[in-house]
Amino acid sequence: MFRVLIVDDEPMVRKRLKTIIDWEQVGFCLVGEACDGEEGLELVKKRNPDLVITDIRMPVINGLELIQKAKEENPFLQAAILSGYNDFEYAQEAMKYGVKHYLLKPIEKDKLLQVLEKIREEISSTRTLHHQLQESMQVLRGKWLLEVLHQRTIDQHMIDRAQGLGMDLFGCKLGLFMLDIDDMDELFIEDRLDEIQLKKDLLLKLIEDIKKDYGEIVLADEGEGRHVVLCIMPQRGQARLKSLVQDLIELARKTGEMTLTIGLGGDEGNLHSIKQNYTMAKEALEYKFLFGKDRIIDYRDLGKGLLDSPWASISEWNHDTILEAVEKYDEKIVKREIDGLFDILRQTKATPVIVHAAAIDILAGIGRIVKKLEGDWSEIAKGNLNLINEMKGKETLDEIKNWLCDLCLQANRYIASLRESRPRKVSEELLEYIEEHYMEDISLKEMAKIVYMNPVYLGQVFKNETGVSFNEYLVNKRVEEACRLLAGSNLNVYEVAERVGYKAPGNFYKAFKKIKGISPADYRTQTRSGKQGHDL
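Residues numbered from 1 in each chain as written. Predicted model: local features only at pLDDT ≥ 70, side-chain atom pairs only at ≥ 80, totals over all residues. Heavy atoms only, no water.

## Side note on the overall build of the protein chain
Selection criterion: Runs of H or I in DSSP of at least four residues are treated as helices and runs of E of at least two as strands, each being numbered from the N terminus. We call a residue buried when its accessible area falls under 20% of the maximum for its residue type, exposed when it is over 50%, and partly exposed in between, using a 1.4 Å probe and counting protein chains only. Two residues qualify as a contact provided that any one of their heavy atoms is within 4.5 Å of a heavy atom in the partner residue. For the accessible areas, the method is Shrake-Rupley and the probe is 1.4 Å, while residue cover comes only from the protein chains on display.
Of the regular secondary structure elements, the protein chain holds 26 helices and 10 strands. A buried classification covers 43% of the 536 residues belonging to the protein chain. For the protein chain, contacts bridging at least 24 residues in sequence account for 69% of all contacts bridging at least 6. Total accessible area on the protein chain stands at roughly 29,000 Å², and carbon and sulfur atoms take up 49% of it.

Spelled out as C-alpha cells, the structure:
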C-alpha cells in the first residue's frame, strides 16, 4: 500500500476525496489530512507519505511551497495538485517541481482513478530503480572495502573512489568487525541456494535497520556466510562499536531464523588502521569453534595464553594435504600427514577439544568428497554413523590417531573404488560444463574442485575419454564458437574474443590462427566471400 496525505483548506473537498473511492482497493491508504500547507508539511515529516494531494491556494503555506519543502524532506515524493480553472498558471508552475498530475475541481471519480493509476506505476518504478541502485551501490562498496583490506597501501585513488561511492570517511571514526551467519556450512555443502539467499537477504535487512541508529555501514561478502563489516560512525569509542554488534546479534536472535557470531578487533580508528583491525577480527572469529556460536568474540579478551594455545599452533596446519593424499590413493602420504599433525598436537599438549576439532575437520572434508562422488559415508564408517561419540570414547591421543588413520585409509580405498566406475560420467560432466561456460574464465583446477578430484588425475581421465587435453578441448570449443560468430554476425573481432572467453584479443588471435591457419579477420572475409559466391 502506498501512503497518501490530503491537504486542502476546504473541509468538503477533503471529505469528498476521502470517500469518493475505496483507496485500499486501488493500492493506497490515507495516512492523514491537513487544512493548510503548514500543517501539511508537519504531517509529511511525521507520516512520510508516498503521495501528497494538495490544493494550490491555501493560507500560511500554499500548495507550491508545500510541494517544494516536502520534496526537500523526500526527493522521491509524488504530488498531485488540486486546481480551479483560474489556477492553471499555478499548475504550470508546479510542473517545475516535478509535479505531473493535477485534478480540476470539482473532483471526478474517473479522473481521480486515472491519475492514481499513473502515480502508482510511477512510484513502483521509482522504488524498483532505487532498490536496484542501492543494491549496486552495496556491491561496489563491498568490493571497495575488500580491495582496501587486501592492498598493501591505501592511496588517494582509493579515497577518491570512496567519496565517489558516497562514503564520507573524514570527520568520522571507522569501526570494523567480522561476522559469520551461523549454520551456513551445511547449506553450502548441500547447495540449498534458496535458504542461503534468504539468510543473506535477512542480514541485509538487519544492517539496514541498524544503520538508522549508528550511521553508514558497508558490508562485504567473503563467501560461505562470512562478511566484513565497516561502520562509518560520527562518534568515537569501542563502547559504541560493541553496542552496535550487541544490538545486531540481538536483532538476529529476535528473527528466530538465524544467529550471528561476531569477531571484534581493535578500537575504532581511521582508514589506515582498519587493516590491522581486520586481521585481529578475523583471528578472533577463528575461535568460534572453541567458544560456540551466537556470540561476540573480542580479540583483546582472548589473552596471550590462549592465542599461544595449541589451537593457534595448528591453525596454520593445512588439512588439504591429507585430503589430497586420500584422493590420490596414496596411503603412505596419508599416514605421514596424520603422523605430522599428531606430532604437533602432542608437542603442544593439545586438549581433547582441539584434537577432536582437528579430526572432525578432516572427516568433514572427506565427507564432502564422498558426497560429491555420490558415495555413501556409511561404507567408510562400517555402518557406524555416530563417529563423534566413538571418537570421544577414545582415552588417549594415540588411540584417536590410530582411529582417524584407519578411517582415512578406508576412505582412501572407498574413493578409489568410486572413481573406477565414474570416469566416463565425470568426463560427461566436464563436457557439459564446458558447453555452458566456455565463455567464462574456467580451468582444470576449478573443474577439479567441482567434481572433487585431483587436477592431475582429472586431466588424465578427461584425455583418456576424449583423446585431447582439457585445455585443447576448451580452445577448440572457443574457436568453433568464434567461427560461428565471425560468419554470422557483425561483431568486431575483439567483441567475438570476449564472447568466447578471451579477455586479451592477442591470445584469441594466436589460438585462432594456430587452429584455423588464418587470422579471424581473414576467416570472416573468406567465409563471407564464399557465401556470396554460393548465393550468386
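## Examining the sheet that holds strand β7 (residues 216-223)
Definition in use: At least two DSSP bridges between two strands are required for those strands to pair. For every element, the axis is a line fit to its C-alpha atoms; helices are fit only across the contacting stretch, and the angle between N-to-C directions ranges from 0 to 180 degrees.
Strand order in the open sheet formed by 5 strands is β7-β8-β6-β9-β10, and the pairing between neighbours is mixed. What marks the edges here is a single partner per strand, and that holds for β7 and β10 (296-298). Sheet twist, expressed as the average angle between the axes of neighbouring strands with direction ignored, equals 25°. Direction of pairing for β7 relative to strand β8 (residues 226-233): antiparallel, over a ladder of 7 bridges. Note that in β8 the partner of L219 across the bridge is V229.

## Here's the deal with empty space enclosed by the protein
Any empty space left between atoms is shown by rolling a water-sized probe over those atoms. Rules: Points on a 1 Å grid over protein atoms alone make up a cavity when a 1.4 Å probe fits among them but cannot get out, and a pocket when they form an open set with protein on both sides within 12 Å along at least five of seven lines; lining residues each have an atom within 4 Å of a point. Grid points are joined across faces, edges and corners, and a volume is the space filled by probe spheres set on the points. Residue polarity is assigned by list, with Asp, Glu, Lys and Arg as charged and Ala, Val, Leu, Ile, Met, Phe, Trp, Tyr, Cys and Pro as nonpolar; anything else, Gly included, falls into the polar class.
The full count for this structure, using the stated rule, is 1 cavity of 30 Å³ or more. Each pocket or cavity is described by its volume, and for the largest cavity that value is around 30 Å³. As for the largest cavity, its lining consists of V52, L66, I67, A70, K71, L77, Q78 and A79. Residue assignment for the lining of the largest cavity shows that the elements contributing at least two residues are α3 (63-73) and β4 (78-83). Examining the composition of the lining of the largest cavity, we find that 4 residues originate from one element, α3, more than from any other. Tallied by class, the residues present in the lining of the largest cavity amount to 6 nonpolar, 1 polar and 1 charged.

## Focus on the pairing of strand β2 (residues 28-34)
Threshold: Every crossover in which the path from the first strand over the helix to the second runs clockwise, viewed with the strands pointing away from the viewer, is termed right-handed.
In terms of strand pairing, strand β1 (residues 2-7) meets β2 through 6 bridges, oriented parallel. The residue of β2 that forms the bridge with V4 is L30. Taken together, β1, helix α1 (residues 11-19) and β2 form a β-α-β motif whose crossover is right-handed.

## What about the nonpolar core?
Heads up, the rule is: As used here, the term nonpolar core means buried Ala, Val, Leu, Ile, Met, Phe, Trp, Tyr and Cys residues forming a set that is joined through side-chain atoms within 4.5 Å.
Within the largest apolar cluster, 34 residues are counted, with the highest numbers of intra-cluster contacts made by I338, F342, I366, L404 and C408. Ignoring any residue separated from it by four or fewer positions in sequence, one finds L404 in contact with I338, F342, A359, I362 and L363.

## Comments concerning the sheet that holds β1
Strand order across the open sheet formed by 5 strands is β2-β1-β3-β4-β5, with parallel pairing between neighbours. A strand with exactly one partner marks an edge of an open sheet, and here the two such strands are β2 and β5 (101-104). Pairs of neighbouring strands in the sheet enclose a mean axial angle of 20°, with direction left out of account. Both β1 and strand β3 (residues 51-55) contribute to a ladder of 4 bridges, which runs parallel.

## Considerations on the packing of aromatic side chains
Centre-to-centre distance and the angle between the planes together describe a pair of aromatic rings. Using the following cut-off: Within 6.5 Å between ring centres, the rings of Phe, Tyr and Trp (the latter by its six-membered ring) count as paired, and their orientation is classed by plane angle as stacked under 30 degrees, edge-to-face over 60, tilted in between. By definition here, charges over rings are those cases where NZ of Lys or CZ of Arg is within 6 Å of the ring centre and within 35 degrees of the ring normal.
Evaluation of the coordinates by the stated rule reveals 7 aromatic pairs. Their ring planes at 85° and their centres at 5.8 Å tell us that F462 and Y473 sit as a pair that is edge-to-face. Placement of F462 in helix α22 (residues 455-466) and of Y473 in helix α23 (residues 470-488) is noted, with a sequence separation of 11 residues between them. You can call F462 buried: its relative accessible area is 0%. Accessibility expressed as a relative area gives 26% for Y473, which makes it partly exposed. In this structure an aromatic cluster arises from ring pairing among Y502, F508, F512 and Y523. The lysine or arginine in question, K477, covers the ring of Y438, its NZ or CZ lying 5.5 Å from the ring centre. Its guanidinium or amino end placed over the ring of Y502, R478 lies 5.3 Å from that ring's centre, counting from NZ or CZ.

## Structural notes on the pairing of strand β6 (residues 173-181)
Of all 9 residues making up β6, 8 are buried, and the element is well covered by its neighbours. One ladder, built from 8 bridges, connects β6 with β8; its direction is antiparallel. Within β8, the position partnered with L179 by the bridge is H227.

## Observations regarding the packing of helix α2 (residues 37-47) against α3
Worth spelling out the cut-off: Roughly parallel means an angle under 35 degrees; roughly antiparallel, over 145; roughly perpendicular, 65 to 115; everything else is oblique. Two helices that cross are described as forming a left-handed crossing if the nearer one is turned anticlockwise from the farther one by less than a right angle, and a right-handed crossing if clockwise.
Contact geometry of α2 with α3 gives a least axis separation of 10 Å together with a crossing angle of 15°. As judged from the angle between their axes, α2 and α3 are roughly parallel. Crossing of α2 over α3 shows right-handed handedness. Residue-level contacts link G37, G40, L41, V44 and K45 of α2 to L66, K69, A70 and E73 of α3. Classifying every residue of the contact of α2 with α3 gives 4 nonpolar, 2 polar and 3 charged.

## Describing the side chain of R141
Along the chain, R141 turns up in helix α5 (residues 109-150). With relative accessibility at 13%, the residue R141 sits in the buried group. Sequence-distant contacts of R141, that is, excluding residues within four places in its chain, are made with L165, G166, M167, E216 and V218.

## A closer look at the confidence of the model for the protein chain
What counts is decided by this rule: Known as pLDDT, the predictor's per-residue confidence is scaled from 0 to 100.
Overall, the prediction assigns the protein chain a mean pLDDT of 82, with 86% of residues at 70 or greater. The low-confidence segment residues 304-308 (pLDDT under 50) makes 8 contacts with residues lying over four places distant or belonging to another chain. Scored below 50 in pLDDT, residues 532-536 makes 0 contacts in the model with residues more than four places away or belonging to other chains.

## Observations regarding unusual backbone geometry
For the peptide bond that leads from K105 to P106, omega is -5°, which places it in the cis range. Assignment of secondary structure puts P106 in the loop between β5 and α5. Notably, N48 is not glycine yet its phi reads approximately 50°, a positive angle. Residue N48 is classed as partly exposed on the basis of its relative accessible area of 46%. Residue D183 is not a glycine yet carries a positive backbone phi of 65°. Mapped onto the secondary structure, D183 falls in the loop between β6 and α7 (185-189). When its relative accessible area of 48% is taken as the criterion, D183 is described as partly exposed.

## Notes on the environment of V139
Here V139 is to be found in helix α5. For V139, a relative accessible area of 47% translates into the label partly exposed.

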